2 protein chains.
Amino acid sequence: MARQRYLARRSLADARVEMLASAEPITRHEVLAAEEALGRVLARAVSAARNVPHYHGAAMDGIAVRAEDTFGASEGHPLTFELGSPDTVVRPFSWIDTGNNLPLWADSVVMVERVFPGPAAAGSGAAAGTVAARAGDDCCGAAGAAPENAATAGDESGGGAGLVRGPERVLHLRHSQAPWQHVRLVGEDIVQSEPLLPRGHRVRPIDIGALLAAGIDRVDVRARPRVAILPTGDELVQPGNEPRPGRIVEFNSRMIAAFVREWGGDAVRLEPVGDNPEALYSRIVGALRDADVVCVIAGSSAGDHDHSAEALARFGRLIAHGIDIMPGKPAIVAAIEHLPDGPAASSRVALGIPGYPVSAAIVCRELLEPLLAHLLGAARVDRVCVKALVPRKLVSKLGHEEFVRVNVGRVGERLVLSPLGRGAGAITTLTRADGFVRVPPLVEGIDAGEEVAVELLRPIAEIEGTIVASGSHDLTLGVLDDLLRGACPGSRLVTNSVGSLAGLLALGRGEAHVAASHLLDVASGTYNLPDVERLLEGVPVMVVNLVVREQGLLVAAGNPLGIGGVRDLTRAGLRYVNRQSGAGTRVLLDFMLERDGIDPEAIAGHERCELTHMAVAIAVRSGLADAGMGVRSAAAALGLGFVPLEREDYDLVLRADFARSAAGRALLGVVRSAGFAAAVSCLPGYDTRRSGEVKIPCAT
Amino acid sequence: MARQRYLARRSLADARVEMLASAEPITRHEVLAAEEALGRVLARAVSAARNVPHYHGAAMDGIAVRAEDTFGASEGHPLTFELGSPDTVVRPFSWIDTGNNLPLWADSVVMVERVFPGPAAAGSGAAAGTVAARAGDDCCGAAGAAPENAATAGDESGGGAGLVRGPERVLHLRHSQAPWQHVRLVGEDIVQSEPLLPRGHRVRPIDIGALLAAGIDRVDVRARPRVAILPTGDELVQPGNEPRPGRIVEFNSRMIAAFVREWGGDAVRLEPVGDNPEALYSRIVGALRDADVVCVIAGSSAGDHDHSAEALARFGRLIAHGIDIMPGKPAIVAAIEHLPDGPAASSRVALGIPGYPVSAAIVCRELLEPLLAHLLGAARVDRVCVKALVPRKLVSKLGHEEFVRVNVGRVGERLVLSPLGRGAGAITTLTRADGFVRVPPLVEGIDAGEEVAVELLRPIAEIEGTIVASGSHDLTLGVLDDLLRGACPGSRLVTNSVGSLAGLLALGRGEAHVAASHLLDVASGTYNLPDVERLLEGVPVMVVNLVVREQGLLVAAGNPLGIGGVRDLTRAGLRYVNRQSGAGTRVLLDFMLERDGIDPEAIAGHERCELTHMAVAIAVRSGLADAGMGVRSAAAALGLGFVPLEREDYDLVLRADFARSAAGRALLGVVRSAGFAAAVSCLPGYDTRRSGEVKIPCAT
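Residues numbered from 1 in each chain as written. Chains lettered and ligands numbered in written order. Predicted model: local features only at pLDDT ≥ 70, side-chain atom pairs only at ≥ 80, totals over all residues. Heavy atoms only, no water.

1. With respect to helix 12 (residues 500–508) of chain B
Residues and elements named next belong to chain B. Ser500, Gly503, Leu504, Ala506 and Leu507 are the residues of helix 12 that are buried. For helix 12, the angular spread of the buried residues around the axis is 160 degrees, confining them to a single face. Of the surrounding elements, those touching the buried residues of helix 12 are strand 29 (466–471), strand 31 (514–517), helix 13 (529–535), strand 32 (541–555), helix 14 (584–595) and strand 36 (641–655). Two residues or fewer after helix 12 comes Gly510, characterised by a positive phi angle close to 80 degrees. (Buried < 20%, exposed > 50% of the residue type's maximum accessible area, 1.4 Å probe, protein only. Helix = DSSP H or I, 4+ residues; strand = E, 2+ residues; numbered from the N terminus. Arc of directions from axis to C-beta. Contact = heavy atoms within 4.5 Å.)

Below you can see the structure in the form of C-alpha cells.
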C-alpha cells in the first residue's frame, strides 16, 4: 500500500454542509419538570396553558372604582366615594394594592396619590389635601414603595409624599378615570393558547419563569445526542500514570467529552483501541449501536490516523478526508451508510479527530459543535468576537484557513493582539490564548495596522482587565500575576517574552502597558535607565525595580563538568545554549565575553537561541546542552546546578498613563506588598529589598 | 407609619461597587478530578507537574539521524546512512514515526520525503529517487497522512508522492540537517514547574486537556457560592396549582435558581414566607446560617417589598434601597453586619429582588451575576452585543437607565431593531426579546437612524436566521414559524404585529423581509394589491397568498346577546372592542359600517383599540367587551362565539431580494407544503387551497 493521500480533502464550509446533510436530527425526547429544563432544547413548540395575568389586577396601590362614577369629577367639582360596593353605596370604592384582584363591580384603579380625604377626614386635621393617617396593623395591606409598572408608565414616585390606605370611609376624587386605567388585564402578558416558546429553543432562566407563569409545569425536550469518543493508539496511557518516553497520556477524550457536555450532548468515553484496523473497525461497530455520533481520535502519530479513515470508509462514504484548516487538517468526516448486518437505519456521521490537541479542539469547535446543534435542532453556540489591531505583519500560509492563536490586551484606546506559537501539538498555545484570528485560505497574511476579528476563548471582562507586559521573562512575573488576580479579581498580567530590548520597543509603540527589562549598560554599569532614555525618548514612563536577581550558568545537577565561569564555555565538546539577541541575559553574556576577551565563535552552540530562562533550563535538563545562562530560580525549578555570575536589576517600565490608572496603581501596590516579598522569598536567587523602588518617577 | 420612601436610592454602578466591596470572596474549596472540573473556578494557580512533551519525539515521519553525520551532504554529494546504531555502523539511521521517541544517540529527524534509496535499492527498480517500496504489514509503524506540526512549519504535503518506511538498510541523504530539526523537544509546550492556569480561572474543555497533559489529575476549585432564595407574599401558590384570582404562581424563585446555576452557584430555594415582618426576619436569619447570599423576592405587591427592606435593614446597612434602573427599581442591596447573636463573622450581602419578573431578571443580571463572579474570584460572564439600527425614535424616561427590550433582524446589510412592550410584569417581553438596549439615565431617547448596542438574550445565529415579518397578526404565522424551524433549524419567523398598513410601510423602509397584509380595497373589492402598488412603488416585491380566512364578530360563548352582525354593535349597553387604524380588520369594519350607513360614533367602545386578534378575543373572554371583530381561529382558541361576516385574502408581501434568497425560498416552500395545509386545517376558519399562489410574481 502506498502512502495514504487525503482522498477527499475539502474546504471546511463544504465538509460542514455535507456533514449536516448526512446527519438526521435526534427524534428521541424526554419530559422534564420545567424548572429542571435549563439549557435543554424544546422538542416542540409550547403554548400558554393559562392567561397571564389570569385575573384583572391592580397595577398600582390605590382604590378600585367604577370609571363611570368618576366622570365629571374635577378640581372644582370633586366627587365623593364611599367604602363599600354598589349594593350598599352609590359611588363605591375599595382599597386595593398592586397585584390584588379587582372587585367584580370595579373597572378602574385610582392611584393613591390622586385620592383625597373626604369631608370628614378633611375636617380631622389630616395633612393638607391627601390621606395621611394610617390604618391600624393591617400589614398585608400596607402600602409601600410604589411598585413598578411601566405598562401604565406612571411615575414610580419613590421620593413622593407618604400616602397610605387610610381609615377613611369617605374619599374625594378630583379627576375622572378611564375604564381599565391602572388595571393589569387578563391576558395582558400572555393569552392562553398563544405560542410561548418555539421548538428547538434552548431553555434559559427567563423561559422557566414564563413557562411556570403560563401554567406549563412540564416540557418535552430533545434527548441529549450521544457521542461516543474512541481514542486510538498503542502509545496511549491513562492519566495518573507516568508515561514512558514514546507514550502519551490519553487526555483528548476527556477534553472532547467536556466539549460535548458544554454543547448539550451526552459523552461516552470508550476505552482506547490499539493500532489494529480490525479491532478499530469492530469497536466502531459497537459504538454505533448506541451513539448518535462516533468520534475516533487518532493518536499523535500519523499511522493511527489512517487506520481511522480506512475503518470509517467501511461504513460508507468519506465526506471529507483532510480539511483545509490549520491546525485540524487531518480531520475525517464519514457518512455511516451501512453496518455489518445491513444498511444503516438512520443517517449518521462519524468524525475522525486529529490527535494533536490544538487540532482536536479546533475540529471539535468547527465540526462537532455545529453537528450537535444540528442534531438538537437548535441554534449554534455564540462565538464572541472583538476587533483588534495587528501590530506586526501576521504571516499565514496560502491554501489553508489558519487559526492563529493570539493574546489581546487593551492598550490606550485600542485592543492590540500578539500572536502565540503555532504548533498543533502545543496545547498551551490554546489555553494561554485569548482567541483565534482566522486567516482565510487565500490570504497570505495580515498587514501591520489592520484591524481583525478575534474569536475569543475567554470572557471579554478578563481581556479588558489584562495588563500587557512585554520584554524579559522572569518567574517573579508569574508571582505578580497570581497576586494581582487575588487582589483584584478580573485583573491579570500577560507577558509576551520577547526579550528586554524588544519589550521596550513594544512599549514605545503602545503595544504594552509594561516592559520588563534587565539591560546592562556597559559604559555606566547601570541597568535599564540608559536604554529607556535612548529608546523611549518622548514616551512618558515610570521605572520601578521589581527584583534584584542572580544570573549565572545553568548546568547539570551537581555540575559534573565542573564549569566555573564563562571562560569554561569554550571548552572542547561543551555544548552551550544561548539566548536571543536583545535579551538582557544575552547582553550580559556578550559583555562578559568582551570583558574577558573570549571569542563567541569559540563557544559551541552560541548560535542556538532560546526565548526564556525556562527554555534554556529545559535544554540543559534534557541533555540538549551542557550550559546556558539564566537566573538561579530557573535552575532551581528543574533541579539543575547553578554557577553564579552576577546580580542584576530586573525592572518594570510602565507607561505613565498606565502607571496612574487604577490598574497601574494596583500593580504597583502588589509589587510593594509584603505578600509579593513573601512569595518571591520562596524562589531562590531573588532579593526584594528594593522591590517597588522608583528609579524614574511617573512622568507627567 | 408613613408610606416608605426609597431611603437610599442609588445608581446601578454605585450600588454594584459598594455591594462588591461588602462581600468577601468565598474561601471554601474542594478537590476534583481535573476531568470533572468543567466550568468550575480554580482556587489557586496550577503549575505543570511534568514537561510536555516529556521526551524528545519525532515531529515528522522519517528517519532519525545524528545531525553532524549529515554535514556536507548535497545533491552532488549524497551521504550514505545505514540502519543501525553508532555501535554497529558509521552513519546510523533509524526509521521513526511522528510521536516516537528519538533514539538516545540521535538528534535530528529527516522527513521521509527527503530520504533517497541507497545504492542497493536504487538498483532494484524503485520509483525514481525516492523510497517507494513497502515493508510488510508493520501496521503500527505504517506512515500515513502527513501529520501536522506547524511548530516546524513543514509542508504537510497531503497530496505529495507516496513514501513509506522501506525495507532498505541503506539510504542516501542529499542535504544536511540542523541538530534538533523536526524534533519536538522536551518541554517545548510546557516546562515542568511553569504556571499552567491561574487562580480564578473558569475551567474550559481545553484546560482539562492541558491539565491532564501536564500531569495534573486533580485540581482545587472554589466551592460554589450558596444562594438562598426566599420568596415572600401571602398571594403565592406553588406551580401545579391553578391560582385563584389575586393569587400568583411562585415562579421567580425557580427562575432565579436557574440563573444561579448558570452562573456557577448552588441555589437553595426556600419555602415562601407570608407578609409578616417577624416571620420574614427569622427566615432570613435561618437562611444566613448556611448561605453566602440571601435573595429575598418581594411578591408582586409593593407592601411585601417594604417588609424586605425593613427586615434586611435589621442586619446592618441598606447599601441601596431603590436603584435607578427600569425595570428593576425596587431592588435592595443590604450589607449583613450583625446577626441576632452578635456581629456577622464575614462580610456578606443580601439582595431584595423585585417581584415583577422582568425586574427580577434584570436585577439578577446586573447585581447577582457580578456578585457571584466576585464571590468566585472569577471574571464576569460575557454579554454578547451587536449593533443595530433604530428605525423609529426610541423614547425613554430621564432619570433611569432603561432596559428596552427589542427584537433584531438582519434586513439587507443592516441589523434593525424593533422595541417590544415595556411592562415590568410582562415576562414575555423578555422571553420574546432578542436583547436589551440600555438607555442611559440622562438620555431621553434615541433618534431614528442611530446605531445602538443590543445586549443579546439569544444566540447570534438565531438572530441572523430571523425572517422579520411586519404587519397583520394571524395564528397561521405561528404555524409557519414552527414549521420553518422544523424544516430549517436556525431559521425563525418573528412577527411585529403593527397592522397591515404599518407592515407594508415597514417593508418599504427596509425594516422587514415580509409584510402580512389583508387590506380590502373598497373600490375594487380586491385585497392588498392596490395598496401594495400605491405604498410600495419602486420597491420590488412578490405577493403570495398565505391563507383565506374567515373574519367575523367575536362574542361570548353561545352568543348570549344574540349579536347577528355589525348593525347590532350600536345596540345600547353593548360594549365593542376595536382594532387600531391601519389594521386590515379595522379597514374591513369601517368598510362595512360605511356600506351599511352606520355611524361609528354610535358604537360604544369604538375608540378602544387592541393590536391583535387575540387581544380582542381576550377582551371579550374576560368580560371587558361584548364583541370585537377578528378571525374565527381566535374565537375558537378561547372558546368564544363567532358571527361570520367575510372571507378575506391574508397575503404575504415579500421583498424581492428576500424572496430569491435561500431563506425566502425556504419560507415559500413551507407555505406551499402539505405540512402547512395539514397544520392549518387543525385551526378553524382557514382555507389553504390557495396558499402559496403567486399574486404578484417576484420582480427583478
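What follows continues from the structure just given.
2. With respect to the pairing of strand 12 (residues 218–222) of chain B
Residues and elements named next belong to chain B. A large share of strand 12 lies buried, amounting to 4 of its 5 residues. Inspection of the sheet shows strand 1 (residues 29–33) paired to strand 12 by 5 bridges, in the antiparallel sense. Within strand 12, the residue paired with His29 across the bridge is Arg222. (Pairing = 2+ DSSP bridges.)

3. Focus: the packing of aromatic side chains
In this structure the tally under the stated criterion is 8 aromatic pairs over all chains. Between the aromatic rings of Phe93 of chain A and Trp95 of chain A, the centroid separation amounts to 5.7 Å while the plane-to-plane angle is 90 degrees, which identifies the pairing as edge-to-face. The class of Phe93 of chain A is buried, set by a relative accessible area of 0%. Positioned above the aromatic ring of Phe116 of chain B, the side-chain terminus of Arg174 of chain B is 4.0 Å from the ring centre. (Phe/Tyr/Trp six-rings, centres within 6.5 Å; stacked < 30°, edge-to-face > 60°. Lys NZ or Arg CZ within 6 Å of the ring centre and 35° of its normal.)

4. Examining the sheet that holds strand 13 (residues 226–231) of chain B
Residues and elements named next belong to chain B. The 6 strands lie next to each other as 16-13-17-21-20-18, forming an open sheet whose pairing is mixed. Of all strands in the sheet, those bounded by a partner on one side alone are strand 16 (266–269) and strand 18 (316–321). Between one strand axis and the next, the sheet turns by 20 degrees as a mean value, whatever way the strands run. Relative to strand 20 (residues 332–339), strand 18 runs antiparallel, the two sharing 5 bridges. Its bridge partner lying in strand 20, Arg317 is registered against Ala335. Docked against the sheet, helix 1 (residues 12–21) engages strand 18, strand 20 and strand 21 (342–353), running at close to 155 degrees with respect to strand 18. (Axes fitted to C-alpha atoms, helices over the stretch in contact; angles between N-to-C directions.)

5. Details of the nonpolar core
Ranked by size, the top nonpolar core spans 68 residues in total, and within it Ile323, Leu351, Leu367, Leu368 and Leu371 of chain B carry the most contacts. Counting residues per element, this core draws most heavily on helix 8 (residues 357–376) of chain B, at 11 residues. Excluding anything up to four places from it in sequence, Leu371 of chain B contacts Met19, Leu20, Ala23, Val293, Val349 and Leu351 of chain B. Counting 67 residues, the second-largest nonpolar core is a separate cluster that includes Ala23, Ile297, Leu371 and Ala433 of chain A. (Core = buried A, V, L, I, M, F, W, Y, C linked by side-chain atoms within 4.5 Å.)

6. So, the pattern of salt bridges
Under the criterion given, the structure shown has 99 salt bridges over all chains. Among the salt bridges present, the one from Arg392 of chain A reaches Glu511 of chain A, with a minimum N-O distance of 3.0 Å. Within this pair, whereas Arg392 of chain A is found in the loop between strand 22 (385–389) and strand 23 (394–395), its partner Glu511 of chain A is found in the loop between helix 12 (500–508) and strand 31 (514–517), the two being separated by 119 residues in sequence. Among the ionic pairs, Glu188 of chain B bridges to Arg184 of chain B, the shortest N-O distance being 3.9 Å. Taking the relative accessible area as the measure of exposure, Glu188 of chain B reaches 38% and is therefore partly exposed. By relative accessible area, Arg184 of chain B is classed as buried at 13%. (Salt bridge = Lys/Arg side-chain N within 4 Å of Asp/Glu carboxyl O.)

7. A word on the confidence of the model for chain A
Residues and elements named next belong to chain A. The pLDDT averaged across chain A works out to 88; a share of 91% of its residues lies at or above 70. Below pLDDT 50 for its whole length, residues 1–5 participates in 24 contacts with residues either more than four positions away or in separate chains. Low pLDDT, under 50, characterises residues 121–163; the stretch is placed with 107 contacts to residues that sit more than four places away or in other chains. Interface confidence for the predicted complex, expressed as ipTM, amounts to 0.88; the pTM equals 0.89. (pLDDT = per-residue confidence, 0-100.)

8. Quick word on unusual backbone geometry
Here the amide bond leading from Val52 of chain B into Pro53 of chain B is cis, since omega sits at -5 degrees, within 30 degrees of zero. Assignment of secondary structure puts Pro53 of chain B in the loop between strand 2 (46–47) and strand 3 (57–58). Across the junction of Met326 of chain B and Pro327 of chain B, the peptide omega takes the value -5 degrees, indicating a cis bond. Position of Pro327 of chain B relative to the elements: it lies in the loop between strand 19 (325–326) and strand 20. Positive phi values are uncommon outside glycine, yet Ser193 of chain A reaches one of about 85 degrees. By the element assignment, Ser193 of chain A lies in the loop between strand 10 (183–184) and strand 11 (195–197). Ser193 of chain A sits in the partly exposed class, given a relative accessible area of 29%. Although it is not a glycine, Asn528 of chain B adopts a positive phi angle of roughly 70 degrees.

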